[in-house]
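The lines below spell out each chain.
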Amino acid sequence: MRLMACSGMVGYGFTEDAFRRGLGLGVEMIGCDAGSMDPGPYYLGTATPFVSEMATRRDLRIMLEGARAAGVPMIVGSAGGGGSDAQLAWTRRLIEEIAGEAGLSFRMAVIGAEPDRDFLTERVLAGKTAPLGPIQPLTAGTVGEAARIVAMMGVEPLQAALDGGAEVIVAGRCSDAAIYAALPLMRGHDAGLAWHLGKIVECGAQVIEPRVGQDCIVGTIGDGYFEVEPGHQDKRCTRTRVAAHTLYENPSPSELKEPSGVLDSSDAVFEQVDERTVRVSGSRFHPADRYTVKLEGVRREGVRTVFVAGVRDPVLIGQFEDFARSCRERAGNDVAALGISPDSYRINLRVYGGSAVMGEREPDAGADPNELCVVADVIADDETASRAVLAKVRYSMLHTDFPGRLCISGNLAFPFSPSDMAVGEVFDFSVWHTVELDDPLGPFPIEMMEVR
Amino acid sequence: MTAKTRLRDVAKVIRSKNAGPLLLTIDVIFDDRETFDAVLAAGLFAPRRFAALYGVSDNEVAVIPYPQALAVKVTLPRLHRSGGPADTDVYGAQQHAPVLDLEF
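Definitions and limits used
- Throughout, a residue's number is its position along its own chain's written sequence, starting from 1.
- Key to labels: chains lettered from A, ligands numbered from 1, both in the order written.
- pLDDT decides what is reported in this predicted model: residues at 70 or higher carry local features, side-chain atom pairs at 80 or more are listed and counted, and totals for whole chains, interfaces and linings draw on all residues regardless.
- Water and hydrogen atoms play no part in the side-chain values, which are based on all heavy atoms of the structure.
- The way it works is that DSSP assigns letters per residue, a run of H or I at least four long becomes a helix, a run of E at least two long becomes a strand, and they are numbered from the N terminus.
- Atoms counted for the radius of gyration: C-alpha only. Globule rule: 2.2 Å times residue count to the power 0.38.
- In this analysis, two residues are considered to be in contact whenever any of their non-hydrogen atoms come within 4.5 Å of each other.
- Only the protein chains shown count as cover for residues, and all accessible areas are computed by the Shrake-Rupley method using a 1.4 Å probe.
- Pairing between two strands requires that DSSP report at least two bridges joining them.
- Axes here mean lines fitted to C-alpha atoms, for a helix over just the part in contact, with angles spanning 0 to 180 degrees between N-to-C directions.
- Each residue's exposure class comes from its accessible area (1.4 Å probe, protein chains only) as a fraction of the maximum for that residue type: buried when under 20%, exposed when over 50%, partly exposed otherwise.
- Taking the helix axis as origin, the arc is that swept by the directions to the C-beta atoms.
- Each salt bridge in this description consists of a side-chain nitrogen of Lys or Arg and a carboxyl oxygen of Asp or Glu lying within 4 Å of one another.
- Buried Ala, Val, Leu, Ile, Met, Phe, Trp, Tyr and Cys residues that are joined via side-chain atoms within 4.5 Å together make up what is termed a nonpolar core.
- By this rule the span expected of a helix is its residue count minus one, scaled by 1.5 Å.
- Counting of polar contacts relies on pairs of N or O atoms within 3.5 Å, with two restrictions inside protein: one atom must be capable of donating a hydrogen and the other of accepting it, and residues adjacent in sequence are counted only when both atoms are side-chain atoms.
- Where each domain starts and ends comes from a domain assignment, either automatic or drawn from a database.

Undergrad: Before we go on, may I ask you to explain the overall build of chain B in this structure?
TA: Across its full length, chain B holds 4 helices and 4 strands. Reading chain B from its N end, one meets helices and strands in the order α-β-β-α-α-β-β-α. Relative to a compact globule of 104 residues, whose C-alpha radius of gyration would be 13 Å, chain B shows 14 Å and is just as compact. In terms of principal-axis extent, the alpha carbons of chain B reach across some 45 × 25 × 20 Å. Within chain B, contacts between residues at least 6 apart in sequence are counted, and of these 59% link residues at least 24 apart. In the structure as shown, chain B presents an accessible area of about 4400 Å², 51% of it carried by carbon and sulfur atoms.

Undergrad: So what exactly am I meant to see when it comes to the sheet that holds strand β14 (residues 269–274) of chain A here?
TA: Residue and element names in this part refer to chain A. On the basis of which strands lie adjacent, the open sheet formed by 10 strands has the order β14-β15-β10-β9-β1-β2-β3-β7-β4-β21 and mixed pairing. The sheet is open, and its two borders are formed by β14 and β21 (446–451), each paired with just one other strand. For this sheet the average axis-to-axis angle between neighbouring strands, irrespective of direction, equals 20 degrees. In the packing of helix α3 (residues 53–70) onto the sheet, contacts are made with β2 (30–33), β3 (74–77), β4 (106–111) and β7 (168–171), and the angle to β3 comes to roughly 150 degrees. Where helix α4 (residues 85–102) meets the sheet, it contacts β4, β7 and β21, and its direction lies at approximately 170 degrees from that of β4.

Undergrad: Please clarify how helix α1 (residues 16–24) of chain A should be interpreted in this entry.
TA: An α-helical segment advances 3.6 residues per turn. Residues three or four places apart therefore align on the same side. All names here are of chain A. Among the residues of α1, those classed as buried are Ala18, Phe19, Gly22 and Leu23. The arc that holds the buried residues of α1, viewed along the axis, is 125 degrees, so those residues lie on one side. Counted as exposed and oriented over 90 degrees from the buried face of α1: Arg20 and Gly24. The positive-phi residue at the C-terminal boundary of α1 is Gly26, with phi of around 85 degrees.

Undergrad: Please explain the pattern of salt bridges as it appears in this structure.
TA: Oppositely charged side chains can pair when the atoms bearing their charge come close. For the structure shown, the criterion picks out 52 salt bridges over all chains. The structure contains a network of salt bridges with shared partners spanning Glu53, Arg57, Arg61, Glu65, Arg93, Glu97 and Glu101 of chain A.

Undergrad: Is there a simple way to think about the nonpolar core in this case?
TA: Soluble, globular proteins show a tendency: their nonpolar side chains are buried together. Residue and element names in this part refer to chain A. Membership of the largest hydrophobic core comes to 67 residues, with the highest contact counts inside it found for Leu158, Ile169, Val228 and Val242. The leading source of residues in this core is helix α8 (residues 176–186), at 7 residues. Apart from residues no more than four positions distant in its own chain, Leu158 is found in contact with Ile75, Ile111, Met153, Ile169, Ala171, Cys174, Ala178, Ile179 and Ala182.

Undergrad: Is there a simple way to think about helix α13 (residues 383–399) of chain A in this case?
TA: Residue and element names in this part refer to chain A. A rise of 1.5 Å per residue sets the reference length of α13, with its 17 residues, at 24 Å; its end C-alpha atoms lie 24 Å apart and thus fit the reference within 8%. Buried within α13 we find Ala385, Ser386, Val389, Leu390, Val393, Ser396, Met397 and Leu398. For α13, the N-terminal capping position is held by Asp382, with its side-chain oxygen 3.1 Å away from the main-chain nitrogen of Thr384.

Undergrad: What should I look at first to understand the domain arrangement of chain A in this one?
TA: As a measure of interface size, the accessible area lost when the parts come together is often cited. Taken as a whole, chain A is organised into domain 1 (2–113 + 152–291 + 437–451) and domain 2 (300–428). One C-alpha centre belongs to domain 1 of chain A, the other to domain 2 of chain A, and the line joining them spans 43 Å.

Below is the structure:
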């Protein structure tokens with residue numbers, strides 16, 4: 001059977017040429033992932049998308065019209081970026097609006113992925129959760145204080161929705177590969193091939209050359225192999241890119257953990273069958289003893305304000321670390337005088353030109369640069385306190401003396417007025433764990449509806 | 001080989017990226033099998049070399065060659081969780097620089 005991933009991300013775009021040509025190859029489902037935790041915890045914390053509504057609407061409209069015209073199911077996973085209930089509702093609203101405008105009618109499944117906190121706490125207390133990497137074990141307290149927690153569904157909820165006659169599926173947080181593995185597995189295709197195909201196509205044009213933006217990719221699964229080719233006539237999939245994509249954003253090159261088992265590509269064989277098509281065989285799937293899904297959750301850390309400023313004075317650049325230390329001390333005293341408790345805020349002076357990118361991992365201290373960029377970063381409980389602390393940091397850095405100082409009118413070059421900027425809420429990933437489920441559908445409620 | 005060779009002069013790709021918000025993964029990909037084999041044989045990818053380079057302990061570093069892609073993957077903990085209060089590189093995309101100048 002043949003399927004198509006429309007783009008690496010709903011809202012990242014694809015060409016209509018590629019979409020139409022791909023659809024014309026007789027694909028039996030189209031899909032698109034809409035989510036990622038890569039842009040950081042903010043988007044899940046605030047339940048906001050990291051792509052624009054305009055771009056999302058454009059991609060969804062073409063997909064919906066194409067899928068309905070061809071009469072094939074369409075699956076969107078990790079709706080709205082984080083796949084939380086609010087982001088799911090946002091995507092659902094867009095789809096309903098597009099359907100209304102385009103006069104489309106279809107049966108839609110909306111699948112939630114924000115588990116009940118009592119359920120999660122019960123799982124924690126029963127010892128059914130485990131860290132997914134270097135993080136503390138999950139506790140009831142961590143679950144309770146999280147701003148938002150989503151669970152990443154496998155293929156089973158998608159398959160239940162397809163079984164229920166869904167023509168369009170909008171899923172909350174969902175394994176990227178599951179979007180594409182769901183239907184081939186229902187048709188009895190080999191699990192190793194189905195999951196590996198899903199992994200290869202989920203990032204869209206990552207495996208396509210030339211690499212100019214996102215685009216559609218078509219996957220064909222057969223007996224003992226699968227093939228991938230670009231939707232676009234003028235593009236090609238290369239063996240190197242496809243093999244290399246197996247590595248991408250994954251801690252291991254040859255093992256990919258999914259809820260129901262592990263995709264093992266250690267013996268996978270990649271062949272260039274023609275100029276634009278790559279064939280893969282030999283992928284295996286090892287079913288797991290216990291069904292586990294990933295939990296992703298974030299804790300609110302406060303509200304951030306920043307200023308950006310340059311330093312050009314070589315006398316100051318030569319002693320900037322000592323200077324920054326004395327400024328922090330002075331600002332701390334000034335903030336205390338405002339009645340703001342020292343443990344309610346954090347000041348982080350990020351000095352570009354002074355190891356801001358790698359921090360303590362920077363191996364190359366190097367010679368002093370001719371200028372530094374300082375990003376003063378304050379996180380406090382609310383914006384008022386955050387602005388108050390940042391203003392004290394600004395004043396102390398602008399006017400504090402240092403040995404040999406000649407530039408007594410000011411130490412910083414501010415590019416902007418106003419100098420101080422509100423960035424917004426700050427979150428931290430506090431939940432990155434697995435939870436064992438008795439029922440793969442358990443925390444993923446499926447709502448079926450007729451859209452017309 | 002007598003003169004020392006830098007990894008950046010023989011690799012096709014040297015990239016870093018998040019593998020989730022807790023881990024950093026560094027992929028080094030080569031153009032041909034000879035270079036891939038030579039670099040591996042030279043012991044360049046011993047976990048302790050990367051542990052020293054990134055200030056973590058040996059047992060926190062996983063080095064996994066993937067010959068199908070002529071690639072070696074090195075996975076280690078991030079300095080801070082991605083996008084958290086103290087993070088410096090949300091995507092982890094600029095943490096590869098120390099690897100460029102590894103010599104063998």
